[in-house]
Amino acid sequence: METLTDIKPDFVQATFIRCTQDALWDALTKADQMAAYHFACSKAEGDAVEGTTTRFLRQDGSTMLSQQTTRLDPKSLIEMTFEPNWGPDTETSRIVYRIDVEGPLCRLTTEHYQIPAGQDGVREGWARWASSLKSWLETGAALKMDV
């Protein structure tokens, strides 16, 4: 069976965040924390637990994005589906978060696999997401935007 580690990601981004491994892990796995820093959602439902789905909700309550957690290696790796709901022809792809501790910093590497044609805009979304996560963990203030 082919795993994500057997194929090359379409997108890779590393972000260095001054925080503990525990703080970063909680930010990536706890729904209330995901909603606090996600740049384009007002609420998240469902913690990242293997086999469960997390839904990111817009201000009007509609689902912007869903992610089903498929693998967790505590405090080091998360694999999820990436199921956008912002257009009629969106398709599911896959993401991996890797956490590495480097002294007082954590390096968060985001890998996005099998990005469907026409969804290239997710690259800018990842930059916004990572910037807001970093700001929120380091200062307590997220970088939200009106959507």
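Look up a bit, the structure's there.
Residues numbered from 1 in each chain as written. Predicted model: local features only at pLDDT ≥ 70, side-chain atom pairs only at ≥ 80, totals over all residues. Heavy atoms only, no water.

Visitor: Give me the lowdown on the packing of helix α1 (residues 21-29) against helix α3 (residues 122-139), citing residues and values where you can.
Guide: Running from amino to carboxyl end, α1 crosses α3 at an angle of 130°, the nearest separation of the two axes being 11 Å. Of the possible angle classes, the one that applies to α1 and α3 is oblique. As α1 packs across α3, the resulting crossing turns out to be right-handed. Together, Ala23, Leu24, Ala27 and Leu28 of α1 and Trp129, Leu133, Trp136 and Leu137 of α3 make up the contact between the two elements. Of the residues belonging to the contact of α1 with α3, the class tally is eight nonpolar, no polar and no charged. (Axes fitted to C-alpha atoms, helices over the stretch in contact; angles between N-to-C directions. Helix = DSSP H or I, 4+ residues; strand = E, 2+ residues; numbered from the N terminus. Parallel < 35°, antiparallel > 145°, perpendicular 65-115°, else oblique. Left-handed = near helix turned anticlockwise from the far one by under 90°. Contact = heavy atoms within 4.5 Å. Nonpolar A, V, L, I, M, F, W, Y, C, P; charged D, E, K, R; others polar.)

Visitor: Requested: an account of the nonpolar core, with residues and values cited.
Guide: Residues Leu24, Leu28, Tyr97, Trp129 and Leu133 are the most contacted members of the largest nonpolar core, which totals 35 residues. Of all the secondary structure elements, the ones that give two or more residues to this core are β1 (11-17), α1, α2 (31-37), β4 (63-73), β5 (77-84), β6 (93-102), β7 (105-113) and α3. When residues in this core are grouped by element, the largest group, seven residues, is from α3. For Tyr97, the residues in contact, after removing those within four places along its chain, are Leu28, Gln67, Ser76, Leu77, Ile78, Met80, Leu108, Thr109, Thr110, Trp126 and Trp129. (Core = buried A, V, L, I, M, F, W, Y, C linked by side-chain atoms within 4.5 Å. Buried < 20%, exposed > 50% of the residue type's maximum accessible area, 1.4 Å probe, protein only.)

Visitor: Provide a residue-level description of α3, including the pertinent values.
Guide: Taking 1.5 Å of rise per residue, 18 residues should cover 26 Å, and α3 covers 25 Å from first to last C-alpha, within 8% of that figure. Among the residues making up α3, those that are buried are Val122, Gly125, Trp126, Trp129, Ala130, Ser132, Leu133, Ser135, Trp136 and Leu137. On its buried face, α3 sits against β1, α1, α2, β5, β6 and β7. Immediately downstream of α3, the backbone of Gly140 shows phi near 90°, a positive value. (Expected span 1.5 Å × (residues − 1).)

Visitor: Account for the pattern of salt bridges, with residues named and values stated.
Guide: Using the criterion set out here, one finds ten salt bridges in the structure. Its salt-bridge partner being Asp22, residue Lys75 comes within 2.6 Å of it at the nearest N-O pair. Placement of Lys75 in the loop between β4 and β5 and of Asp22 in helix α1 is noted, with a sequence separation of 53 residues between them. By relative accessible area, which is 33% here, Lys75 ends up partly exposed. Among the residues examined, Asp22 registers a relative accessible area of 39% and is labelled partly exposed. The salt bridge partner of Arg107 is Asp100, with a shortest N-O separation of 3.1 Å. Through salt bridges with shared partners, a single ionic network connects Lys43, Glu45 and Arg55. (Salt bridge = Lys/Arg side-chain N within 4 Å of Asp/Glu carboxyl O.)

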